[in-house]
Amino acid sequence: MSARPTKIVCVGRNYVDHARELGNEVPANPLLFLKPPSALIGPGEPILLPDASERVEHEAEIGIVIGERCRDLAPEDALRVVSGVRALNDVTARDLQRSDGQWTRAKGFDTFCPVGPVAALPADLSALTVVCRVNGEERQRGSVREMVFGIAALISHVSRIMTWEPGDILATGTPAGVGPLRPGDVVEVEIPGVSSVRNPVHRRNDRET
Ligand code: MG
């Protein structure tokens, strides 16, 4: 179990190939944005496509869970505060991300942050990979080794801006291969051997509650 996060801190364009596929440069400093905790869902819960967007995409990511209150960490101390790792899908309304400029709406709809169970951080971080499958077909695959900014550097960087609280999540960016989600799809993000999250995709209007 981990505490409910006070924030989900996300990193944009942290894999060279993904930055390029969307026509962007790799940033000189980590490009940060927030997703609201209200976007969180667990395995099996539906991702709901809002009417406001015509292009909602999956982004498979390695989610890092922070275990204690901390700030101003040096990179060499950063992994000490990690309580675990979890598969994370940074679901994004790509059309709204482009049209709004600010990413809050595109990244912040309810259900836009599926997360898998929290697992212990493996001793060899460099072995972590993340995979995305849509309807069983592989769409994305990336390794920690391909990240522009590594996990310890990111935890440290964020800690110099805002205090980490227990349960907070760092979403470390997505590799190339992002693509659309359609009603009836099933999308899975897996950190092989560690954590996975699988969700059906529905239209928000079709919700039966
Ligand atoms: Mg992302």
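My aim in this report is to walk through the structure given alongside it, one point at a time. Quick caveat: nothing in here was measured; it's all calculated off a predicted structure.

Quick look at the packing of aromatic side chains now. Tallied over the entire structure, the rule returns 2 aromatic pairs. Ring centres of phenylalanine 33 and tryptophan 103 lie 5.1 Å apart, and the angle between their planes is 65°; on these two criteria the pair is classed as edge-to-face. Highlighted residues: phenylalanine 33 in strand β2 (residues 31-35) and tryptophan 103 in the loop between α3 (94-100) and α4 (104-108), separated in sequence by 70 residues. Residues phenylalanine 33 and tryptophan 103 agree in their burial class; the two are buried. With 5.2 Å between their ring centres and 55° between their planes, phenylalanine 109 and phenylalanine 112 make a pair best called tilted. The residues phenylalanine 109 and phenylalanine 112 share a single accessibility class, namely buried.

Moving on, we get to the nonpolar core. Ranked by internal contacts, the top residues of the largest apolar core, which has 45 residues, are Ile62, Ile64, Leu128, Ile151, Ile155, Trp164 and Leu170. Those elements that provide at least two residues to this core are β1 (8-12), β4 (47-49), β6 (60-66), β7 (82-89), β10 (129-134), α5 (151-159), β14 (186-191) and β15 (195-203). Excluding anything up to four places from it in sequence, leucine 128 contacts Ile62, Val85, Pro122, Gly142, Ser143, Val144, Ile151, Ile191 and Val194. In this structure, Ile8, Phe33, Val115 and Ala171 belong to the second largest nonpolar core, which totals 11 residues.

This brings us to the side chain of histidine 58. With respect to the helices and strands, histidine 58 occurs in strand β5 (residues 56-58). A polar atom in the side chain of histidine 58 sits 3.0 Å from the side chain of glutamine 140. Sequence-distant contacts of histidine 58, that is, excluding residues within four places in its chain, are made with Asn89, Cys132, Val134, Arg139, Gln140, Gly177, Val178, Gly179, Pro180, Leu181 and Val187.

Reading guide: rules and limits
Along every chain, residues carry numbers that run from 1 in the direction the sequence is written. With pLDDT at 70 or above as the cut-off, local features in this predicted model cover only qualifying residues; side-chain atom pairs require 80 or more to be listed or tallied, and sums for whole chains, interfaces and linings still use all residues. Side-chain measures here rest on the full set of heavy atoms in the structure, leaving out hydrogens and waters. Each pair of aromatic rings taken from Phe, Tyr and Trp, with Trp reduced to its six-membered ring, is defined by centres within 6.5 Å and is described as stacked if the planes are under 30 degrees apart, edge-to-face if over 60, and tilted in the remaining cases. Helix and strand labels come from DSSP, where a helix needs a run of H or I of at least four residues and a strand needs a run of E of at least two; each type is numbered from the N terminus. Working definition: with a 1.4 Å probe on protein chains only, accessible area under 20% of the residue-type maximum means buried, over 50% means exposed, and in between means partly exposed. For this analysis, a nonpolar core means a set of buried residues of the types Ala, Val, Leu, Ile, Met, Phe, Trp, Tyr and Cys, connected via side-chain atoms within 4.5 Å. It only takes one pair of heavy atoms within 4.5 Å for two residues to be counted as in contact. Within 3.5 Å is the distance limit for a polar contact, defined as a pair of N or O atoms, with the added protein rule that one can donate a hydrogen and the other accept it, and that residues adjacent in sequence qualify only through two side-chain atoms.

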